[in-house]
Number of protein chains: 2
Amino acid sequence: MFERYFQHFNETVPLTAAEQEFIKSYLTVKKLRKRQYLLQEGDVCNCVAFVEKGVMRLYRLGDDGAENIIVFATDGYFITDLYSFITNEPSGYHIDAVEDSELVIITRSASDELRKLSAKYQEFIFLKTSEAYIQLERRITSVISLSLEDRYKELLTNFPDIIHRVPQHMIASYMGLTPETLSRVRKRITIQN
Amino acid sequence: MFERYFQHFNETVPLTAAEQEFIKSYLTVKKLRKRQYLLQEGDVCNCVAFVEKGVMRLYRLGDDGAENIIVFATDGYFITDLYSFITNEPSGYHIDAVEDSELVIITRSASDELRKLSAKYQEFIFLKTSEAYIQLERRITSVISLSLEDRYKELLTNFPDIIHRVPQHMIASYMGLTPETLSRVRKRITIQN
DNA sequence: GAAAACTCTTGATCTAAATCAATAATTCTT
DNA sequence: AAGAATTATTGATTTAGATCAAGAGTTTTC
């Protein structure tokens, strides 16, 4: 149930068996069917989810009703609305399952308590938050400085599994494009090679 | 010298006078003239800088030699290449001063040591990293879902001082636009109101 | 297993932003 | 103070991406 989570944890900050059991006591498991919500706009985000298996997305609804996808999370990644989680303010985003998914959940209260009790947990989430920041910074860099072709190629190399597990129109949304344009970008790339 | 830094720190995590003196012993001050580098591409980023006064920017050079500005930092903000800082890998970015600036510097070694010795420092940088993440996520959201007009208006409300202290062509770079297009966006906005 | 819903591609047209080019205003330099 | 560099605006043209529209292939669903 927690295999990937602790594999991930141990790769970042090594744990003893006892420490692992202690941390495990603060975690719960949640299974979501495709299209089920983890968070809906207006609710306060009270947890951070680690994707053991599956694909999740965080998105907002535009004025015209279009889904603007901000973040994907596949196996081994975290997902939450950090703003709402930290401030306790209602979220402006939705989080739902793109495919049937298995999540390891830690609530805010559990996380706050655990941070005080475990220096290793504290270190773990600090490093994970830093990594998440770096990833977003990379994405900003590619959005403002690369061509569509190069942005798509970058996605392919950085997150090959996302590309293959998520419908193309969601990738288009994630890149801020229409599905038609993404289809043409892909065509241009395959013709070139 | 450290006024703003500790003002900021105390607003986030309150410190006693003794704690403040202790943390201060890990910090140094650096003054940069306009256009001076804090970090150059290829160097390892060995510090995090807090802007006491001034404006800094982080950018990369595109293949065509264009400057792609990823982040600005004015008074009260931090700037670093977090990837290089954490991994010790050479940076792909430049950081320089947009105007004469006064920085509070903490080196990697000082930061690592201080994190172990001060739970409050640990908490401070955790919260600051989280805030930085949230800011980038907001920016991604606006890039993929808003019109240029709305993106510029958002910048105006979120960072009014940046707009007024930084040349417009740098704002254009930061938004991933040409200076001409930004000039026209601004014109459209002023005509509307 | 047929109908409905979703997914992707392709074409034609329109529109917004980039590019090219010129000019004026401002600020550095020496 | 004069010349050079930087900065911002505006116009004309080109180009990349959005929009509108249709169709074919897949997957869901009942």
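Residues numbered from 1 in each chain as written. Chains lettered and ligands numbered in written order. Predicted model: local features only at pLDDT ≥ 70, side-chain atom pairs only at ≥ 80, totals over all residues. Heavy atoms only, no water.

Thoughts on the relation of the copies chain A and chain B
The line we're drawing: Our superposition of the copies is a least-squares fit, built on the C-alpha atoms of residues whose pLDDT is at least 70 in both. In this analysis, two residues are considered to be in contact whenever any of their non-hydrogen atoms come within 4.5 Å of each other.
The transformation that overlays chain A on chain B combines an axial shift of 0.0 Å with a rotation of 180 degrees, and the residual RMSD is 0.0 Å. Such values leave the two copies arranged in the relation of a two-fold axis. Using C-alpha coordinates, one finds that chain A approaches the rotation axis most closely at Y133(A), a distance of 2.5 Å. Mapped onto chain B, 100% of the interface residues of chain A are again interface residues, and the two copies thus contact each other with one and the same surface.

A closer look at the interface of chain A and chain B
Quick note on the threshold: Throughout, buried area stands for the accessible area (probe radius 1.4 Å) lost by two parts on being put together, summed over both. Each reported salt bridge corresponds to a side-chain nitrogen of Lys or Arg within 4 Å of a carboxyl oxygen of Asp or Glu. A 3.5 Å cut-off defines polar contacts: any pair of N or O atoms within that distance qualifies, except that in protein one atom must be a possible hydrogen donor and the other a possible acceptor, and neighbouring residues in sequence count only when both atoms are side-chain atoms. We count a stretch as a helix when DSSP gives it H or I for four or more residues in a row; a strand needs E for two or more, and each element gets its number in order from the N terminus. Throughout this entry, Asp, Glu, Lys and Arg are counted as charged residues, while Ala, Val, Leu, Ile, Met, Phe, Trp, Tyr, Cys and Pro are counted as nonpolar. The remaining residues, Gly among them, count as polar.
Each partner contributes residues to the interface: chain A has 34 residues there, and chain B has 34 residues. Summed over both sides, the interface of chain A with chain B buries roughly 3,300 Å², with 71% coming from carbon and sulfur. The tally of links from chain A across to chain B stands at two salt bridges. A salt bridge links E123(A) to R115(B), with the nearest nitrogen and oxygen atoms 2.7 Å apart. On inspection of chain A and its partner chain B, the count reaches six residue pairs in polar contact (both at pLDDT 80 or more). Among the secondary structure elements, those contributing two or more residues to the side of chain A that touches chain B are β4 (67-74), α3 (82-87), α5 (119-145) and α8 (168-175) of chain A. Residue contributions to the side of chain A that touches chain B peak at 18 residues, all from α5(A). For the side of chain A that touches chain B, the residue count by class is 19 nonpolar, eight polar and seven charged.

Observations regarding the pairing of strand β3 (residues 47-61) of chain A
Strand residues, when the strand is regular, have side chains that alternate between the two faces of the sheet. Residues and elements named next belong to chain A. Quick note on the threshold: Exposure categories follow from relative accessible area, calculated using a 1.4 Å probe and restricted to protein chains: below 20% of the type maximum is buried, above 50% is exposed, and the middle band is partly exposed. Any two strands between which DSSP finds at least two bridges are classified as paired.
Judged by how many residues are buried, β3 sits mostly within the fold: 13 of 15 residues are covered. Summarising the sheet, β3 and strand β6 (residues 94-107) pair through 11 bridges and their orientation is antiparallel. Across the sheet, the residue bridging to V55 is E99, located in β6. Two strands pair when backbone bridges link them, and β3 and strand β5 (residues 78-79) are joined in this way by two bridges, in the antiparallel orientation. Each bridged residue has a counterpart across the sheet, and for A49 the counterpart in β5 is I79. Bridge count for β3 against β4 is seven bridges, and the pairing is antiparallel. The residue bridging M56 from the neighbouring strand is A73, located in β4. Here β3 hands over to β4 after five residues, with G65 in that stretch at a positive phi of 85 degrees.

Considerations on the protein's contact with DNA strand C
Quick reminder of the rule: The criterion for a residue being near a molecule or strand is simple. One of its heavy atoms has to lie within 4 Å of it.
Not every one of the 16 residues close to DNA strand C is listed here, only the nearest: Q168(A), H169(A), S183(A), R184(A) and T181(B). At 3.4 Å from a phosphate oxygen of DNA strand C is found a main-chain nitrogen or oxygen belonging to H169(A). One of the side-chain nitrogen or oxygen atoms of R184(A) is found 2.4 Å away from a base nitrogen of DNA strand C. For the surface near DNA strand C, the secondary structure elements donating two or more residues are α8 and α9 (179-192) of chain A together with α9 (179-192) of chain B. With five residues, α9(A) is the largest single contributor of residues to the surface near DNA strand C. For the surface near DNA strand C, the per-class residue count stands at three nonpolar, six polar and seven charged.

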